[in-house]
Amino acid sequence: MGAEEGDDMTKPGGTPLLAVRRLTKRYGPEQSGTLVLDGLDIDVGRGVFLSVVGPSGAGKTTLLRCIAGLLTATSGSVEMNGVPVVKPPPSLALVFQDYSRSLMPWMSVRKNVELPLLSAKITRQERRDRAQEALAAVGLAGSANHYPWQLSGGMQQRAAIARALAYRPEALLMDEPFASVDAQTRADLEDLTRGVRDRFGMTVILVTHDIDEAVYLGDEVVVLSGSPARVRERITVDLGPDRDQLATKSSPRFTELRGRVLELIRGERQTLQGTA
Amino acid sequence: MVAKSPVVVRRVLAFAGDAALEIVVPAGLVALWWAASEHSTSLYYPPLSTILSTLRHFWLFAHFGSDAVPTLVHLAIGFLIAVGVGIAAGTLLGLSPLLAEVVAPVLEFMRAVPVAAVLPAVLLVLGVGPAFQVTVIAFGAVWPVLLNTMDGVRALDPILDDVGRSFHLPARVRLLRVTLPAAMPNIVAGVRTAISIAISVVIFSELMGATSGIGYQILQAQDTFAIPQVWAGVILLGILGYLLNVAFRGVEHVLLRQHRGMRETAR
């Protein structure tokens, strides 16, 4: 486990890697446009696995795109390593929900994984090695020469995760990454994600609408309220570093935590319906 | 029986069937023409046998080097300029919406001008010679390549754009590995249209101002009432056009291999 052998920097509670401050995003005209994010404050410590859960259309993707520097906030700020994020920061990688659209169909899996390494001054050999290591970490070493469209959905998402790993980011942002795969593949990919987080010592922010997934994967869960999104509550998930699909999910503590998250989200929905 | 055959066998049969059809129908038409025209004494409709022997003697031996080759060379140069300029300008305009907006009226005007209409003006400026041919071919063929490339580049999936930005891909890598491959189906479609335009324009230009070339010889033959030569020239052009299309289909097959694979698995 990375948290055990790593230094203080990889443990939760150090200087925050990412700091989201009063983040507000409004689409359209400055005053009359749709308010999507309403003054969000979120700190993400180094090495933390943070789940962000909220009702559909709560602006989760918008939040992620702001953190990734792909979208400019209307007001407020995002800082990574103390540096304001105004464009995509150097040590941050994204995994998208729609794996079939985020991989290049005209490149082999290996070339796809090597793609982000074409930018830095990396030798051909090192590029190969890093891609191979990343592919091995997600169990795709044998499919390196296939094209993405020759793989199943779950394998394509693994390839997308490998591409992010090869980039060796400090922060990995995942936008509903397992929403379009079947249940068994989803469970496999969830465990794979926690596994590579430990092995590569990254900070992960995973956005999902699935409460079980948020609690099962996260060291902490941020619950967003619906449109416009505000931080409803932040919950520490004290389920220990090792998670197991069967044991963890059937433990009383898990049930308690997911119940609390569900309550927060359900309460939110009732408030919304009441005001609608 | 067919339903029980393995997929491969069925595919082979289907391919053989297609190939046979592709040969049988033209062969039948040629045979029909041959039989119907064999005893023709009309000046304007000479027997096919005469036309084909003219094709062989006049075009394939006596005039291939002096006339067919120049036509093909001009065609190739003009076409390649059209493809190069079309892809470069189309990419630039596809990447810059502002630039595209500024030049849109000019583009719309230029592409609306029939090539035939600019021939006399260009001939006046450049005079008879290869420069004239190459210029008008390039002018005629550039538009489909340019406009299709622009559309393809502009239609880049926003997710791929996000991938490029978040992974800090250098502009060159983004252009060559992401944007242009993504636009390839559009570019190929534009180039295919450009080929047929280029063939028409090269002949057209040779009818107007040339001292050699297939079009020039057809015109000469017409002036001297060498009717079999006229028809033989037309057949030669048909064959050349057909061969060029077949060759391009091969290029297309290779260029769009992955796109095809993706589409087929998506079904």
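**Structural notes on the interface of chain B and chain A**
Next, step 1: Of the residues lining the interface, 22 residues belong to chain B; the matching set on chain A comes to 27 residues.
Next, step 2: Buried surface at the junction of chain B and chain A, both sides included, amounts to about 2300 Å², of which 69% is carbon and sulfur.
Next, step 3: Area buried by chain B at its contact with chain A is led by Phe167(B), Arg177(B) and Gln258(B), which between them contribute 28% of it.
Next, step 4: Our count for the chain B to chain A interface comes out at 2 salt bridges.
Next, step 5: Between Asp157(B) and Arg101(A) there is a salt bridge; the shortest N-O distance is 2.6 Å.
Next, step 6: The interface formed by chain B and chain A holds 8 residue pairs in polar contact (both at pLDDT 80 or more) in total.
Next, step 7: Elements that contribute at least two residues to the side of chain B that touches chain A include exactly helix 7 (158-166), helix 8 (171-208) and helix 11 (257-266) of chain B.
Next, step 8: Among the elements that take part in the side of chain B that touches chain A, helix 7 of chain B stands out by supplying 7 residues, more than any other.
Next, step 9: Class assignment of the residues belonging to the side of chain B that touches chain A gives a composition of 12 nonpolar, 6 polar and 4 charged.

**Section: the nonpolar core**
Next, step 1: Core analysis: the biggest nonpolar cluster contains 95 residues, and Leu18(A), Leu63(A), Ile67(A), Leu173(A), Ile205(A) and Val261(A) have the highest contact counts within it.
Next, step 2: Sequence-distant contacts of Leu63(A), that is, excluding residues within four places in its chain, are made with Leu23(A), Leu37(A), Leu40(A), Ile42(A), Val52(A) and Leu224(A).
Next, step 3: In terms of nonpolar packing, the next biggest core, distinct from the first, is built from 53 residues, Ala141(B), Leu147(B), Val230(B) and Leu237(B) among them.

**Points about the packing of aromatic side chains**
Next, step 1: For the structure on display, the rule yields 4 aromatic pairs over all chains.
Next, step 2: Both rings, one in Tyr167(A) and one in Phe167(B), keep their centres 4.9 Å apart while their planes meet at 80°; by these two values the pair is edge-to-face. Of this pair, Tyr167(A) sits in the loop between helix 6 (153-166) and strand 7 (171-175) while Phe167(B) sits in the loop between helix 7 and helix 8, placing the two residues on different chains. Accessibility assignment for this pair places Tyr167(A) and Phe167(B) in one class, buried.
Next, step 3: Ring centres of Phe139(B) and Trp143(B) lie 5.8 Å apart, and the angle between their planes is 85°; this geometry places the pair in the edge-to-face category. On the criterion of helical spacing, the pair formed by Phe139(B) and Trp143(B) is a turn pair, its members being 4 residues apart in helix 6 (residues 130-154).
Next, step 4: Judged by relative accessible area, which is 11%, Trp143(B) ranks as buried.

Calculation criteria
- Residues numbered from 1 in each chain as written.
- Chains lettered and ligands numbered in written order.
- Predicted model: local features only at pLDDT ≥ 70, side-chain atom pairs only at ≥ 80, totals over all residues.
- Heavy atoms only, no water.
- Contact = heavy atoms within 4.5 Å.
- Buried area = accessible area lost by both parts, 1.4 Å probe.
- Salt bridge = Lys/Arg side-chain N within 4 Å of Asp/Glu carboxyl O.
- Polar contact = N/O pair within 3.5 Å; in protein donor to acceptor, adjacent residues only side chain to side chain.
- Helix = DSSP H or I, 4+ residues; strand = E, 2+ residues; numbered from the N terminus.
- Nonpolar A, V, L, I, M, F, W, Y, C, P; charged D, E, K, R; others polar.
- Core = buried A, V, L, I, M, F, W, Y, C linked by side-chain atoms within 4.5 Å.
- Buried < 20%, exposed > 50% of the residue type's maximum accessible area, 1.4 Å probe, protein only.
- Phe/Tyr/Trp six-rings, centres within 6.5 Å; stacked < 30°, edge-to-face > 60°.

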